[in-house]
Amino acid sequence: MSVFNHLQLQWGSPSAVEAMASSLLLLLLLCTASVSAQLRIFGLRARGLPSDLLGTTDGYVKVFIGTTILGQTSVRHNNANPWWDEEFAYFKVQENDLLRLEVHDDDFLFDDLLGVCQRPVKEGTHTHECYLEKKGTLFYTYTLSGDNQ
């Protein structure tokens, strides 16, 4: 006797068996779906940012997760080695989502993009350094916690 026939005998009509199978499949999908986690980015600092025609860099950082902008730091004027106090948090992150940090030089008309750092996020706390295309290094730390603590 097949499993389907056994279930049909136990629960009645084929439609009842199909409804139960659909419910079990939905439950299985919900249980295996990716769980969102909390991402916290902090400890942003740079070293050796380049000078331009107007003098020393006026640096700031834009922070993204995927296509979502989490915000940007304040501008640190005339500082080739800035440190930013801002922290960024986001609660709808999944492991392997792409964290992107863009370092900019604030100028009067157009801001210059000094470099981009990006990597997929992993659970735990991680500190990284990233070499910028136009000179300098960005240092940052992030924590991805799996249970929104």
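Residues numbered from 1 in each chain as written. Predicted model: local features only at pLDDT ≥ 70, side-chain atom pairs only at ≥ 80, totals over all residues. Heavy atoms only, no water.

(A) Quick look at the overall build of the protein. The secondary structure content of the protein amounts to two helices and eight strands. Across the protein, helices and strands are ordered from the amino to the carboxyl terminus as α-α-β-β-β-β-β-β-β-β. Excluding contacts between residues fewer than 6 apart, the proportion of contacts in the protein whose partners are at least 24 apart in sequence is 55%. About 9,100 Å² of surface is accessible on the protein, with carbon and sulfur atoms providing 57% of the total. (Helix = DSSP H or I, 4+ residues; strand = E, 2+ residues; numbered from the N terminus. Contact = heavy atoms within 4.5 Å. Areas by Shrake-Rupley, 256 points an atom, 1.4 Å probe, with all protein chains shown as cover.)

(B) Region of the structure containing the environment of Lys135. Position of Lys135 among the secondary structure elements: in the loop between strand E7 (124-131) and strand E8 (137-145). The class of Lys135 is exposed, set by a relative accessible area of 53%. Sequence separation between Lys135 and Leu114 is 21 residues, and the spatial gap between their C-alpha atoms is 7.3 Å. Ignoring sequence-local partners within four residues, the contact set of Lys135 consists of Gly48, Leu49 and Pro50. (Buried < 20%, exposed > 50% of the residue type's maximum accessible area, 1.4 Å probe, protein only.)

(C) Up close: the sheet that holds strand E5 (residues 98-105). An order of E3-E2-E5-E6 is seen for the four strands of this open sheet, with the pairing classed as antiparallel. Each edge of the open sheet carries a strand with a single partner, namely strand E3 (68-72) and strand E6 (112-120). When strand polarity is set aside, the average angle formed by the axes of neighbouring strands in this sheet is 20 degrees. Across four bridges, strand E2 (residues 59-65) lies against E3 in antiparallel orientation. Note on E3: the bridge partner recorded for Lys62 is Gln72. (Pairing = 2+ DSSP bridges. Axes fitted to C-alpha atoms, helices over the stretch in contact; angles between N-to-C directions.)

(D) Just the state of the cysteines, in detail. According to the stated counting rule, one finds one disulfide in the structure shown. Each sulfur of the disulfide joining Cys117 and Cys130 lies 2.1 Å from the other. On the sign convention where negative is left-handed, the bridge of Cys117 and Cys130, at about -100 degrees about the S-S bond, is left-handed. Here Cys117, found in strand E6, pairs with Cys130, found in strand E7; they are 13 residues apart in sequence, far enough to count as distant. Each member of the pair, Cys117 together with Cys130, is buried. (Disulfide = S-S within 2.5 Å.)

(E) Looking closely at the nonpolar core. Core analysis: the biggest nonpolar cluster contains 25 residues, and Leu39, Ile41, Leu99, Leu101 and Leu138 have the highest contact counts within it. Elements with a minimum of two residues in this core: strand E1 (37-47), E2, strand E4 (88-93), E5, E6 and E8. Among the elements that take part in this core, E1 stands out by supplying five residues, more than any other. Other than its neighbours up to four places away in sequence, Leu101 contacts Leu44, Val61, Lys62, Val63, Gly115, Val116, Cys117, Leu138 and Tyr140. (Core = buried A, V, L, I, M, F, W, Y, C linked by side-chain atoms within 4.5 Å.)

Geometry only, nothing functional implied.
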